[in-house]
Amino acid sequence: MPREKHLKSITIPVSTYEHAMKQFDQAASRLHVDKGLLEFIKHPRRSTIVKLPVQMDDGTWQMFTGFRVQHSNVRGPAKGGIRYHPNVSLDEVQALAAWMTWKCAVVNIPFGGGKGGVICDPSKMSEGELERLTRRYTASFFDVFGPESDIPAPDVNTNEKTMAWIMDTYSMNARHTVTSVVTGKPIVLGGSRGRREATGRGVVITVREAMKHMNIDPTQATAAVQGFGNVGSVSAQLLHKLGVKITHVCDVFGAIYNPRGIDIDELIKFVAQTKKVIGFPGAKPFDSKKILFADVDILIPAALENQIDGKNAAKVKARILAEGANGPVTPEADPILAKNEVFVIPDIICNAGGVTVSYFEWVQDRMGYFWTEDEVNARLERIMTEAFWDVLKVALENKVHLRLAAFMVAIQRVVEVVQLRGIYA
Ligand code: GLU
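Because the structure is predicted, anything quoted here is derived from the model rather than measured.

## Examining the sheet that holds strand β2 (residues 61-72)
In space, the five strands of this open sheet follow the order β1-β2-β4-β3-β5, with mixed pairing throughout. Two strands bound the open sheet, and with one partner strand each, they are β1 (46-55) and β5 (150-154). Between one strand axis and the next, the sheet turns through 25° on average, direction left out of account. Strand direction decides the pairing type here: strand β3 (residues 78-85) and strand β4 (residues 113-119), joined by four bridges, are parallel. Bridge pairing in β4 places His85 opposite Ile119.

## Examining the sheet that holds strand β9 (residues 284-286)
Taken in spatial order, the seven strands of this open sheet run β9-β8-β7-β6-β10-β11-β12, and their pairing is mixed. The two strands at the open ends of the sheet, each matched to only one other strand, are β9 and β12 (343-345). Here the average twist between neighbouring strands, direction ignored, is 20°. Sheet analysis places strand β11 (residues 320-322) next to β12, joined by three bridges and oriented parallel. The residue of β12 that forms the bridge with Ile320 is Phe343.

## Focus on the site of the ligand
Around the ligand there are 14 residues in total, and Lys79, Lys103, Pro154, Asp155 and Ser358 lie nearest to it. In this structure, an oxygen atom belonging to the ligand sits 3.0 Å away from a side-chain N or O atom of Asn326. Protein chains shield 94% of the accessible area of the ligand, which is 290 Å² for the free molecule. For the shell around the ligand, the elements supplying multiple residues, two or more each, are β3, α4 (90-106), β5 and α12 (353-367).

About the cut-offs
Residues numbered from 1 in each chain as written. Predicted model: local features only at pLDDT ≥ 70, side-chain atom pairs only at ≥ 80, totals over all residues. Heavy atoms only, no water. Pairing = 2+ DSSP bridges. Helix = DSSP H or I, 4+ residues; strand = E, 2+ residues; numbered from the N terminus. Axes fitted to C-alpha atoms, helices over the stretch in contact; angles between N-to-C directions. Near = heavy atom within 4 Å. Polar contact = N/O pair within 3.5 Å; in protein donor to acceptor, adjacent residues only side chain to side chain. Areas by Shrake-Rupley, 256 points an atom, 1.4 Å probe, with all protein chains shown as cover.

Right, here's the structure in full:
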């Protein structure tokens, strides 16, 4: 068989880590920084793989694979969520950990970046199985986690309950209660008011500022939201409150559409019962493969990575693309979207509201003094708005798109700290 033909038949898996590194290189090449120093801050400090034996409800033992990556601890402890998903891989966790470093730097909170994950399908596991998996995972990383070293949080398919198990397992091993070892906990266990909504709230703050910049009247705008988990549902709800008509919503099971706008509060109630958006009486079914190309003003991908790539980017019709998910747009798609004047609000700013309120939670836990929801939201509002306009200013001054500008700001902040601390040798 001719070589080219043979090659064509091979599907090369997408490396999300390569995407993250490409984004870094593009921004780094515009900064006047020593190449060796850039190499030092670019790659993860430590990546650990663990095998996790878990007894299933039927008495059998199953082995799971878990990861924790500490990308950076230059600006503070590694910080980032834990993901439970069948497609989790070291490549993905390393990319997500790197994005956490740049995310924390761009909103200027004193954390580095980390991420964790376990290869599993939580929809097929009982609560008891998930609890045993979470406790074994936490115990495996007892020497890695800590309020001063590495602080986990929720991510895809993990939630407050998961964080409570992590807090308890860590505390039992430490022989005293350590609330600040994990964020995104239930409020009664030292969680922060407003944390659950924080990522979606942050997404909507950045969209609102982008609309101001582009002179778009929210009450005349329409939006499509891909994903109806914590990020997608809260983003849709708060955007709807701003007066934006949410015409398209999808989740893993399917999509719905209503040209007059979907009543998001009613949809949230419906999904709480049925676990799916399809079948919602206030909307018609829609082809979920087409949601990213819907004829709307605002598109919010709030699901997984690599949704918009070099092959489909030209089909995006939205004027604002707000990255609620981490890494939904590949580096090949960025120039196409820029050429078509799609205003992309990159993940590292757009969804930074979650880790920002995680920072507030860590601060409150360490003080043992808790803020009202209004205080939390006011502080979040200030940080997100400032980060948005700081990055936009750099983008306009350097005539680059927002992702490049956000990476430039973030890398510069990490470099500055490395230069001041020096490298211990
Ligand atoms: N998993 C979220 C993210 O990707 C939140 C991380 C955190 O709060 O530490 O930003």
